[in-house]
2 protein chains.
Amino acid sequence: MSLETVSEWASFGGTLSVHDHFSNVTNCTMRFGVYTPPQAKDGPVPVLWYLSGLTCTWANVMEKSGIQKYAAEHGLMVVAPDTSPRGNEVPDAEGYDLGHGAGFYLKATQAPWDRHYRMDDYVTVDLQWLFADHFKLADLTRQGITGHSMGGHGAITLHLKNQALYQSCSAFAPIVSPARVPWGQKALEQYLGPLSVAWEAYDATELVKEMQSGANILIDQGGADQFLDEQLDPSMFLLEAANNGQRVTHRMQPGYDHSYYFIASFIADHVAHHAAVLKA
Amino acid sequence: MSLETVSEWASFGGTLSVHDHFSNVTNCTMRFGVYTPPQAKDGPVPVLWYLSGLTCTWANVMEKSGIQKYAAEHGLMVVAPDTSPRGNEVPDAEGYDLGHGAGFYLKATQAPWDRHYRMDDYVTVDLQWLFADHFKLADLTRQGITGHSMGGHGAITLHLKNQALYQSCSAFAPIVSPARVPWGQKALEQYLGPLSVAWEAYDATELVKEMQSGANILIDQGGADQFLDEQLDPSMFLLEAANNGQRVTHRMQPGYDHSYYFIASFIADHVAHHAAVLKA
């Protein structure tokens, strides 16, 4: 598997770089961003994965969240994958919430999506192998995962299903029950077919019922988020987590919306949350 | 003078807001962004003006620099004006370095630019009156000015010509001698006519020779900035500042380029520099 470096910038004493590679999982060329902190000069550092929301690419978090500052303070590498397969050969849809930019971190089983839309294996398998090959300064025994909105759904579900791989988890305004909200219902039906047990594997509220080990998930949610009531309502997820004895710190932040101004305001706490677990 | 609020976001405990107003100086509708820190709840706070570079608007610094975090820590209001007059009625040119997005913080005397391109008076007079009217929590007796590239030129020249108004000054990768470099020569010739004494009023290297009071200007410059040699060479400015006994702290930052990744990496120091003067 070959890797091309597209861009590179100095940032907070470390390096932000952007890379292209062909993925045999998504069957297309994929692009991601990596922030390598200054501490990597001295040896491997823990890795924090950031999964973005609908319409986003690697760039949103790296340009707008300020995450590099805190990654440099704590000595974490940050990886930001894309939110879907892309390219002329990859099926798309008209809405912003299906197709390109809307991969939902799942493995599609329905045509025409099933050939390319495999973002769960892309993140948890393909990129793991690629990092083992090409990023020797990534300590893959210490990894955490976070994300925003659709990416918060991705972070929590991938964490719940891969607890050994991602030892720490947090999220910003996550879609915690896609099976119950319009964004998720539209995507799951298209990618997985009509409502079925298959949806449960991608619904954090279902998955948290089964979680075995002790979770410790930090969630921030803007109180003025325009999507809170219809798409993001956390009540069922919090109830099921509590019923299963799992620790979820859910902070409602009054006045904040769904934007990167919200994420930037609280991302310091998230990086610190991951560092506390990964560097323990 | 009426003021319209276009957008508003919670950010680091304060508020980022975006406003439109008609300016009688530039003869068109102008848009700017303001970050109001949490400390403004307790009374007026000092104001830091951020002037952006070529092609930018209020949004670049507010989305990409992380300045709100440090403004919230130090209790400074931050104002980001646009970089030129805009709109269908405002003359433009094909290049990115003349016309819309390229006002150069001067008062044009040549047609077709002279009716609208008056960004110096817009910033130093028009916005001052508007803030006195509409932003009672801005303490206009304590103001600093900073900026990037063309905006660094704006910050230093407006500071040197209005030392009582802007008591503190800093810049990122400023154009310190527009009369000697291609960007500046193109703009000054179009806006002011052929090379003449008129250019000197907008050239920091000329202005610093005449500075009376004790300057204390912080400048960061990326060592890997793609524009360093041709457009930004600071040597003459530093020489003239030293000849006139003015204190300029010029930090060459190895590996950094001209982007907001560079600005974000060092903006904490700039906000602290202004706070030290304005809150003394």
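These numbers were taken from a predicted model, which means no experiment stands behind them. (Residues numbered from 1 in each chain as written. Chains lettered and ligands numbered in written order. Predicted model: local features only at pLDDT ≥ 70, side-chain atom pairs only at ≥ 80, totals over all residues. Heavy atoms only, no water.)

Caption draft 1: Up close: the sheet that holds strand 1 (residues 4-11) of chain A. Residues and elements named next belong to chain A. In space, the 9 strands of this open sheet follow the order 1-2-3-5-4-6-7-8-9, with mixed pairing throughout. In this open sheet, the two edge strands, each paired with only one partner strand, are strand 1 and strand 9 (247-253). For this sheet, the mean angle separating the axes of adjacent strands, direction not counted, is 20°. When strand 7 (residues 168-172) meets strand 8 (residues 216-222), the two strands line up parallel, connected through 4 bridges. Bridge pairing in strand 8 places Cys169 opposite Ile217. Along the sheet face, helix 2 (residues 67-74) touches strand 1, strand 2 (14-23), strand 3 (28-36), strand 4 (45-51) and strand 5 (77-80) and points at about 55° away from the line of strand 3. Most of the contacts of helix 10 (residues 260-278) go to strand 7, to which it runs at about 170°, and overall it touches strand 4, strand 6 (138-147), strand 7, strand 8 and strand 9. (Pairing = 2+ DSSP bridges. Helix = DSSP H or I, 4+ residues; strand = E, 2+ residues; numbered from the N terminus. Axes fitted to C-alpha atoms, helices over the stretch in contact; angles between N-to-C directions. Contact = heavy atoms within 4.5 Å.)

Caption draft 2: A look at the layout of surface pockets. Within this model, the largest pocket holds a volume of roughly 790 Å³. Around the largest pocket, the lining comprises 43 residues; the ones closest to its centre are Asn60, Lys64, Ser65, Tyr260 and Tyr261 of chain A. Among the secondary structure elements, those contributing two or more residues to the lining of the largest pocket are helix 1 (59-64), helix 2 and helix 10 of chain A together with strand 1 (4-11), helix 1 (59-64), helix 2 (67-74) and helix 10 (260-278) of chain B. Approximately 210 Å³ is the volume attributed to the second largest pocket. Looking at the second largest pocket, it is lined by 13 residues, and the ones nearest its centre are Leu54, Thr55, His148, Phe227 and His258 of chain B. Its residues assigned to classes, the lining of the second largest pocket comprises 6 nonpolar, 7 polar and no charged. (1 Å grid on protein atoms, 1.4 Å probe; cavity = no way out; pocket = protein on both sides within 12 Å on 5 of 7 lines; lining within 4 Å. Points joined across faces, edges and corners; volume = space filled by probe spheres on them. Nonpolar A, V, L, I, M, F, W, Y, C, P; charged D, E, K, R; others polar.)

Caption draft 3: Structural detail: the relation of the copies chain B and chain A. Here chain B sits on chain A after a turn of 180° about the axis and a move of 0.0 Å along it, with an RMSD of 0.0 Å. This pairing of chains is accounted for by a two-fold axis. Ranked by how close their C-alpha atoms come to the rotation axis, the residues of chain B are headed by Lys64 of chain B, at 2.5 Å. (Least-squares fit on C-alpha atoms with pLDDT ≥ 70 in both.)

Caption draft 4: Molecular detail of the packing of helix 2 of chain A against helix 10 of chain A. All names here are of chain A. Two elements in contact, helix 2 and helix 10, have axes separated by 9 Å at closest approach and are oriented at 30°. Classified by the angle between their axes, helix 2 and helix 10 sit roughly parallel to one another. Here helix 2 runs over helix 10; the crossing is right-handed. From helix 2, Ile67, Tyr70, Ala71 and His74 reach across to helix 10, where they touch Ile267, Ala268, Val271, Ala272 and Ala275. Per-class residue counts for the contact of helix 2 with helix 10 are 8 nonpolar, 1 polar and no charged. (Parallel < 35°, antiparallel > 145°, perpendicular 65-115°, else oblique. Left-handed = near helix turned anticlockwise from the far one by under 90°.)

Caption draft 5: Examining the interface of chain B and chain A more closely. With 20 residues of chain B at the interface, the matching set in chain A holds 20 residues. Summed over both sides, the interface of chain B with chain A buries roughly 1700 Å², with 56% coming from carbon and sulfur. At the boundary of chain B with chain A, the tally comes to 2 salt bridges. Our enumeration of links across chain B and chain A arrives at 8 residue pairs in polar contact (both at pLDDT 80 or more). Counting only elements with at least two residues in the side of chain B that touches chain A, the list comes to strand 1, helix 1, helix 2 and helix 10 of chain B. Of the residues in the side of chain B that touches chain A, the class split is 10 nonpolar, 6 polar and 4 charged. (Buried area = accessible area lost by both parts, 1.4 Å probe. Salt bridge = Lys/Arg side-chain N within 4 Å of Asp/Glu carboxyl O. Polar contact = N/O pair within 3.5 Å; in protein donor to acceptor, adjacent residues only side chain to side chain.)

Caption draft 6: Representation of the sheet that holds strand 3 (residues 28-36) of chain B. Residue and element names in this part refer to chain B. The 9 strands are arranged 1-2-3-5-4-6-7-8-9 in an open sheet whose pairing can be described as mixed. On the outer flanks of this sheet lie strand 1 and strand 9 (247-253), each paired with one strand and no other. Looking at each pair of strands side by side, their axes are set apart by 20° on average, direction ignored. Of the strands in this sheet, strand 4 (45-51), strand 6 (138-147), strand 7 (168-172), strand 8 (216-222) and strand 9 touch helix 10, which is tilted by about 170° from strand 7.

Caption draft 7: Local environment of helix 5 (residues 182-192) of chain A. Residues and elements named next belong to chain A. When we look at burial in helix 5, the residues that qualify are Trp183, Gly184, Ala187, Leu188, Tyr191 and Leu192. In an axial view of helix 5, the angular spread of the buried residues amounts to 105°, which keeps them on one side of the axis. Of the surrounding elements, those touching the buried residues of helix 5 are helix 6 (197-200) and helix 8 (228-232). Two residues or fewer after helix 5 comes Gly193, characterised by a positive phi angle close to 90°. (Buried < 20%, exposed > 50% of the residue type's maximum accessible area, 1.4 Å probe, protein only. Arc of directions from axis to C-beta.)

Caption draft 8: Inspection of unusual backbone geometry at higher detail. With an omega of 0°, the peptide bond between Ala111 of chain A and Pro112 of chain A qualifies as cis. In this fold, Pro112 of chain A is placed in the loop between strand 5 and helix 3 (119-134). One non-glycine residue, Phe12 of chain B, adopts positive backbone phi at about 50°. Within the secondary structure layout, Phe12 of chain B lies in the loop between strand 1 and strand 2 (14-23).

Caption draft 9: Broad picture of the state of the cysteines. Within this structure, the stated rule accounts for 0 disulfides over all chains. Looking at the unpaired Cys56 of chain A, the closest cysteine sulfur is the one in Cys28 of chain A, lying at 18 Å. (Disulfide = S-S within 2.5 Å.)

Caption draft 10: The arrangement of the packing of aromatic side chains in detail. Applying the stated criterion across every chain yields a total of 28 aromatic pairs over all chains. Where Trp9 of chain A meets Tyr261 of chain B, the ring centres are 4.8 Å apart and the plane angle is 50°; that geometry is what we call tilted. On the criterion of chain membership, the pair formed by Trp9 of chain A in strand 1 and Tyr261 of chain B in helix 10 is interchain, its members lying in two chains. You'll find Trp9 of chain A and Tyr261 of chain B in the same group, each marked buried. Here the aromatic residues Phe32, Trp49, Phe131 and Phe135 of chain A are joined through ring pairs into a cluster of three or more. (Phe/Tyr/Trp six-rings, centres within 6.5 Å; stacked < 30°, edge-to-face > 60°.)

Caption draft 11: Representation of helix 9 (residues 235-243) of chain B within the structure. Residues and elements named next belong to chain B. Along helix 9, the positions that sit buried rather than exposed are Phe237, Glu240 and Ala241. Taken down its axis, helix 9 places every buried residue within 100° of arc, on the same side. In helix 9, the exposed positions angled more than 90 degrees off the buried face are occupied by Ala242 and Asn243. Contacts from the buried residues of helix 9 go to helix 4 (150-161), helix 7 (204-210), strand 8 and strand 9.

Caption draft 12: Focus on the environment of Ile219 of chain B. Residue and element names in this part refer to chain B. Relative to the helices and strands, Ile219 is located in strand 8. Counting along the chain gives 30 residues from Ile219 to Thr249, while the straight-line C-alpha distance between them is 6.0 Å. If sequence neighbours within four positions are ignored, Ile219 has contacts with Ile156, Ala171, Pro174, Phe237, Val248, Thr249, His250 and Arg251.

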